[in-house]
Amino acid sequence: MPGENLILSIRNLNVVYWARRGWVKAVRNVSLDIYRGEVLGLVGESGSGKTTLALTVMKLLPTNAKILSGSILYYGLGKAVDLAKLSEKEIRKYRWKEIALAFQGAMNAFNPVMRIKDHFIETAKAHLGHVDEEEVLKEARELLKLVLLEPDRVLRSFPHQLSGGMKQRTLLALALLLRPKLIILDEPTSALDVVSQKVILETLRNIKREFSTTMILITHDLSIAAELTDRVAIMYAGKIMEVGGVEDIFYDPMHPYTRGLLKAVPVLKGTKEVESIPGSPPDLIDLPPGCAFHPRCPYAMERCRREDPPLVEVKPGRFVACWLYTKR
Ligand code: ATP
Ligand code: SF4
């Protein structure tokens, strides 16, 4: 894909948390490109660093976190801006207006004593200054329709009067209010029942079709990624292990970890036999030497225990971090 289509380019990003036992290496040397209009799935088990990566892009990390190195180039306004280097005041110009983040557990994102309509008005005011409230509500109604909700009923409700799925969709509508160019969705369907999950996926498809908003969809669920994404990045122990087109990843997985993940998804495999990957993810404070996956990998070689493989492009658009595919 040509370079001018890039909206975000993350390079050699390293993020740690300070914990009592030591430094948690939550994001390790991550490089990832996101192109305008695409839906990129960021997939990995719990604790693999997905949320940390999203919080780093938005500069919303907690105080015990530190960006050790790397850049996050944002191209939405023409020339590249390194979000990693912006001050709190500067990044505020980008949050919501350019990049919006819909957190996992949207349930707590609302102020319990404010009606939904006031959430829309306050969001617009906070970022645009003085606004015409009727215009904002008109826009809110359109967006709520897009996420398959009854606009007037939702606008006059308090958050506790909405179900979990309705709150999640309301949050999506709110995230779209300022027409951000990039939306990061962190586990948008988790904690929801199957019917609500399906409605969320349908609304995300609506958003993709109506606005061609670029989306990063964070999920531990490969079947959700399969339904919605154009490309997928697989994360393990803070590192990107494989990146490719969604069909390539599902029909021709290359990295042993991706293959293991796919075997654990019965629907995708077309069989009821599920094989989970033996062992468990490593301790991010005390990582194994070499490839972090080697203690669980059926193909591990001597070199894997000593050297960490770099993420390399093994064919156009296909990146893999594994010594089976690179000699460098
Ligand atoms: P999940 O889906 O469970 O949120 P994730 O893939 O999004 O998982 P992160 O939440 O980014 O992973 O966590 C990455 C690592 O950083 C984990 O080992 C986690 O325990 C650790 N971590 C996250 N937040 C903090 C924090 N505030 N302080 C210390 N360690 C943290
Ligand atoms: Fe397995 Fe070695 Fe590849 Fe790591 S580098 S995934 S241990 S074969």
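Residues numbered from 1 in each chain as written. Chains lettered and ligands numbered in written order. Predicted model: local features only at pLDDT ≥ 70, side-chain atom pairs only at ≥ 80, totals over all residues. Heavy atoms only, no water.

1. Focus: the site of ligand 1
Part 1: Taken together, 16 residues form the shell around ligand 1, and within it Ser46, Gly47, Lys50, Thr51 and Thr52 come nearest.
Part 2: Take Gly47: an N or O atom from its main chain is 2.7 Å from an oxygen atom of ligand 1.
Part 3: Between an oxygen atom of ligand 1 and a side-chain N or O atom of Lys50, the distance comes to 2.8 Å.
Part 4: For ligand 1, the protein covers 68% of the area, taking 630 Å² as the surface of the free molecule.
Part 5: When residues in the shell around ligand 1 are grouped by element, the largest group, three residues, is from helix H1 (residues 50–57).
Part 6: When grouped by side-chain class, the residues that make up the shell around ligand 1 number five nonpolar, eight polar and three charged. (Near = heavy atom within 4 Å. Polar contact = N/O pair within 3.5 Å; in protein donor to acceptor, adjacent residues only side chain to side chain. Areas by Shrake-Rupley, 256 points an atom, 1.4 Å probe, with all protein chains shown as cover. Helix = DSSP H or I, 4+ residues; strand = E, 2+ residues; numbered from the N terminus. Nonpolar A, V, L, I, M, F, W, Y, C, P; charged D, E, K, R; others polar.)

2. Looking at the site of ligand 2
Part 1: Around ligand 2, the surrounding shell holds 13 residues, and the nearest of these are Cys291, Cys297, Cys304, Cys322 and Trp323.
Part 2: Spatially, ligand 2 is embedded in the largest cavity.
Part 3: In terms of residue class, the shell around ligand 2 is built from eleven nonpolar, two polar and no charged. (1 Å grid on protein atoms, 1.4 Å probe; cavity = no way out; pocket = protein on both sides within 12 Å on 5 of 7 lines; lining within 4 Å. Sits in = over half its atoms within 2 Å of the grid points.)

3. So, the environment of Ala237
Part 1: If you trace the backbone, Ala237 turns up in the loop between strand E9 (231–236) and strand E10 (239–245).
Part 2: Ala237 sits in the buried class, given a relative accessible area of 4%.
Part 3: C-alpha of Ala237 to C-alpha of Ala26: the two residues are 211 residues apart in sequence and 7.2 Å apart in space.
Part 4: Once residues lying within four places of it in the same chain are set aside, the contact partners of Ala237 are Arg28, Ser48, Pro282, Leu284, Leu287 and Ala292. (Buried < 20%, exposed > 50% of the residue type's maximum accessible area, 1.4 Å probe, protein only. Contact = heavy atoms within 4.5 Å.)

4. Structural notes on the sheet that holds strand E8 (residues 214–219)
Part 1: A sheet is described by the order of its strands in space; here eight strands give the open sequence E6-E7-E8-E3-E9-E10-E12-E11, paired in mixed fashion. Two strands close off the open sheet at either side, each with one partner strand: strand E6 (99–102) and strand E11 (312–315). With direction set aside, neighbouring strand axes in the sheet form an average angle of 20 degrees.
Part 2: As judged from the two bridges shared by E10 and strand E12 (residues 318–320), these two strands associate in the antiparallel manner. Bridge pairing in E12 links Val243 to Phe319.
Part 3: This element, helix H7 (residues 194–211), spans strand E3 (39–43), strand E7 (182–186) and E8 of the sheet and lies at about 160 degrees to E8. (Pairing = 2+ DSSP bridges. Axes fitted to C-alpha atoms, helices over the stretch in contact; angles between N-to-C directions.)

5. Section: the environment of Ser9
Part 1: As for its position among the elements, Ser9 is in strand E1 (residues 6–19).
Part 2: The buried category is assigned to Ser9, whose relative accessible area is 4%.
Part 3: Sequence separation between Ser9 and Leu144 is 135 residues, and the spatial gap between their C-alpha atoms is 31 Å.
Part 4: Excluding residues within four positions of it along the chain, Ser9 makes contact with Leu32, Asp33, Ser71, Ile72, Leu73 and Tyr75.

6. Thoughts on the domain arrangement of the protein chain
Part 1: Here the protein chain is partitioned into domain 1 (6–98 + 180–320) and domain 2 (104–179).
Part 2: Centre-to-centre, using C-alpha coordinates, domain 1 lies 28 Å away from domain 2.
Part 3: Between domain 1 and domain 2 the total buried area reaches about 1,900 Å² when both faces are included, carbon and sulfur atoms providing 73% of it.
Part 4: Of all residues in domain 1, the largest losses of buried area upon contact with domain 2 belong to Trp96, Lys97 and Phe211, amounting jointly to 31% of the total for that side.
Part 5: Counting every contact that joins domain 1 to domain 2 gives zero salt bridges.
Part 6: Linking domain 1 with domain 2 are two residue pairs in polar contact (both at pLDDT 80 or more). (Domains from an automatic or database assignment. Buried area = accessible area lost by both parts, 1.4 Å probe. Salt bridge = Lys/Arg side-chain N within 4 Å of Asp/Glu carboxyl O.)

7. Things to note about H1
Part 1: With seven of its eight residues buried, H1 lies for the most part within the structure.
Part 2: Of all the residues in H1, the buried ones are Lys50, Thr52, Leu53, Ala54, Leu55, Thr56 and Val57.
Part 3: Downstream of H1 by one or two residues, Lys59 has phi in the positive range, about 55 degrees.

8. A word on empty space enclosed by the protein
Part 1: Going through the model one piece at a time under the given rule, you end up with two cavities of 30 Å³ or more.
Part 2: Lining the largest cavity are 13 residues, with Cys291, Cys297, Cys304, Cys322 and Trp323 sitting closest to its centre.
Part 3: For the lining of the largest cavity, the class distribution of residues is eleven nonpolar, two polar and no charged.
Part 4: Roughly 60 Å³ of volume is contained in the second largest cavity.
Part 5: Forming the walls of the second largest cavity are Ile10, Leu32, Ile34, Leu40, Leu42, Leu53, Ala54, Val57, Ile184, Ile216 and Ile218.
Part 6: Among the elements of the structure, strand E2 (22–35), E3, H1 and E8 are those that each provide at least two residues to the lining of the second largest cavity.
Part 7: Looking at the lining of the second largest cavity, the element that brings in the most residues is H1, giving three residues.
Part 8: Residues that form the lining of the second largest cavity fall into these classes: eleven nonpolar, no polar and no charged. (Points joined across faces, edges and corners; volume = space filled by probe spheres on them.)

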